[in-house]
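For reference, the chains in residue letters:
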Amino acid sequence: MSNKEKSKDAYQTPAWLKRVQEGSWEPEILISGIVLFGLFKIYPLIDEFNYFLEYNSALIFSGTTANDSLSSILKYANIILILGFVVHLLFRSVWAAFVGLSYVYPKGVNFERLNYPKRFQNHIKAGSNYTQHIIKLEKICSTLFAISFLIFMWLLGLVFFLLLIICGIEITRLLVGSNDFSISFLDSFFSLAIFIMLLDLVTLGIFKRIPYFNRIFYPLYRFTGWITLSFLYRNIYYGLISNHKKWKVSLTIIVFFVFSFFAVRGLQSRDFVLGRTIALVPKGDSQYRLDEGNYRDKVNDGSFSGYMHIDSYVYDQSYIELFVVHTTKYEQELILTSCDYENLRGADGINIDSLKAKCLEEFYGIALDGQLLEDDFIYQRRSETGQDGLLSIVDISELEKGRHQIDLYYDFYDQDQDTTRHELAEQIIFYKAIQSN
């Protein structure tokens, strides 16, 4: 067979028909279905990952919002994939329906038997070609599949990039040998690096087209390509932007990133739950909702409260074992400065452990039914929850039967004005089941 005949034969056998004959579209649907099932299972695990980072890992996670940013990006990537694969499955199902009809009814719609007026006939004829529908849907499905993976890999690359920076900061902190190593430059560095990456994406590679400058940009391009895993998805990106009008592609990318910014900000809220449709859900005031993370006997997924928790909601005994969670979040800038730790620890005869306990007692405050309690904290590493914090035994022997409330306060010291702000951090409601004697 000559090359010309081969070319003609290839033209007469559409790509979609080859896919049907070979059955190559079936694994695509199977993969989408399996991935969708897994994505819905993965989403709640991201919150557990966030919890682990905040309470069981490096200072940069417990002392900053880095863990919230990472988990929000992962959640957003998860949602993008779910939406992409759901839409892909929908269009692929329509595609499969038209493929089946093209075999059963090769001539398509039988207009003679319809016997409709001309105006209706003309309207129906505009979309009656099954082959054209199949070809359009094939393009849509393939593009959706590729775009979903591309966006997911963009976001995953961003997570990998942020983790590399965080690892670099932690290594530097270890080399410096002090927890006082400043990480205030982190936001500025993130902002500059992400701005350069996004500008190159939105402009479809403007830095690559500037004479002479592209020589300087090339090493940076190769380096950022590795740290953002772009080698896994860049050919998909270049394939999409080279086959569509540039202004449309740029506009789409801009809209996507603007939407992503607000979506990630919204996902940083701990109250966000995938699929929530109930409107009347009290969130702000703990008096009106029972969060299981505050009660140790209710937690079965490891997601204990990051503020404080007690054994149970109902008590028939005379005391409560209250645990107040302590992290490094406020230590450097607030707790240590408010109790003058740096100056006092060098004093003669000072007991360091006693000084640390004093600093913590001055920062944390407990109130029972609005009445502040005397501090009787003892520091504890709670293996059950994997948290560090303060244990307090709260006497409830004199309380009446019924519902009561425990409040946790943070005392924020303002050095400039030499004032302390008493701020409510968390509330826990409990029920005393027995009457006091």
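Our subject in this report is the structure included herewith.

Procedures and definitions
Residues numbered from 1 in each chain as written. Predicted model: local features only at pLDDT ≥ 70, side-chain atom pairs only at ≥ 80, totals over all residues. Heavy atoms only, no water. Helix = DSSP H or I, 4+ residues; strand = E, 2+ residues; numbered from the N terminus. Buried < 20%, exposed > 50% of the residue type's maximum accessible area, 1.4 Å probe, protein only. Salt bridge = Lys/Arg side-chain N within 4 Å of Asp/Glu carboxyl O. Pairing = 2+ DSSP bridges. Disulfide = S-S within 2.5 Å. Polar contact = N/O pair within 3.5 Å; in protein donor to acceptor, adjacent residues only side chain to side chain. Contact = heavy atoms within 4.5 Å. Phe/Tyr/Trp six-rings, centres within 6.5 Å; stacked < 30°, edge-to-face > 60°.

1. Some remarks on the overall build of the protein
Tallying secondary structure elements over the protein gives 16 helices and nine strands in all. Across the 437 residues in the protein, those meeting the buried criterion constitute 37%.

2. As for the pattern of salt bridges
Taken as a whole and assessed by the stated rule, the structure comprises eight salt bridges. Arg381 is paired through a salt bridge with Asp388; the nearest N and O atoms lie 2.6 Å apart. In this structure Arg381 comes out as partly exposed when scored by relative accessible area, which is 48%. Across the pair Glu384 and Arg382 runs a salt bridge whose closest N-O atoms are separated by 3.5 Å. One salt-bridge network, held together by shared partners, links Glu321, Arg382 and Glu384.

3. Focus on the sheet that holds strand 4 (residues 364–368)
Spatial ordering of the open sheet is given by 2-9-8-4-5, a layout of five strands whose pairing is mixed. Both outer strands of the open sheet, strand 2 (314–315) and strand 5 (371–372), are each paired with one neighbouring strand and no more. Note: strand 8 (residues 402–414) against strand 9 (residues 419–432), 13 bridges, orientation antiparallel. Within strand 9, the residue paired with Asp411 across the bridge is His422.

4. Section: the state of the cysteines
Inspection of every chain in the model, using the stated rule, returns one disulfide. Disulfide pairing is shown between Cys339 and Cys359; the S-S distance is 1.9 Å. Residues Cys339 and Cys359 are joined by a disulfide whose S-S torsion is about 85°; by sign, that bridge is right-handed. Of this pair, Cys339 sits in the loop between helix 14 (331–338) and helix 15 (341–344) while Cys359 is found in helix 16 (residues 352–363), placing the two residues 20 residues apart along the sequence. The exposure classification of Cys339 matches that of Cys359, with both residues buried.

5. Some thoughts on the pairing of strand 3 (residues 319–325)
Counting buried positions along strand 3 yields five of seven residues, so the element is predominantly enclosed. In the sheet, strand 1 (residues 308–309) pairs with strand 3 via two bridges, with the strands oriented antiparallel. Note on strand 3: the bridge partner recorded for Met308 is Val324. Judged from the seven bridges that link them, strand 3 and strand 7 (residues 387–395) form a sheet pairing that is antiparallel. Directly across from Val325, in strand 7, lies its bridge partner Gly389.

6. Structural notes on the sheet that holds strand 7
With antiparallel pairing, four strands are arranged side by side in an open sheet as 1-3-7-6. The open sheet has two edge strands, strand 1 and strand 6 (378–382), and neither has a second partner.

7. Some words on the side chain of Ser392
Along the chain, Ser392 falls in strand 7. By relative accessible area, which is 4% here, Ser392 ends up buried. Looking at Ser392, its side chain comes within polar contact range of the side chain of Asp376, at 2.7 Å. Those residues within four positions of Ser392 in sequence are excluded, and the remaining contacts are Ile320, Glu321, Leu322, Asp376 and Phe377.

8. Overview of the packing of aromatic side chains
Within this structure, the stated rule accounts for seven aromatic pairs. Between the aromatic rings of Phe363 and Tyr364, the centroid separation amounts to 4.9 Å while the plane-to-plane angle is 85°, which identifies the pairing as edge-to-face. The exposure class of Tyr364 is buried, given its relative accessible area of 3%. With a centroid separation of 5.1 Å and an interplanar angle of 20°, the aromatic rings of Phe363 and Tyr410 are classed as stacked.

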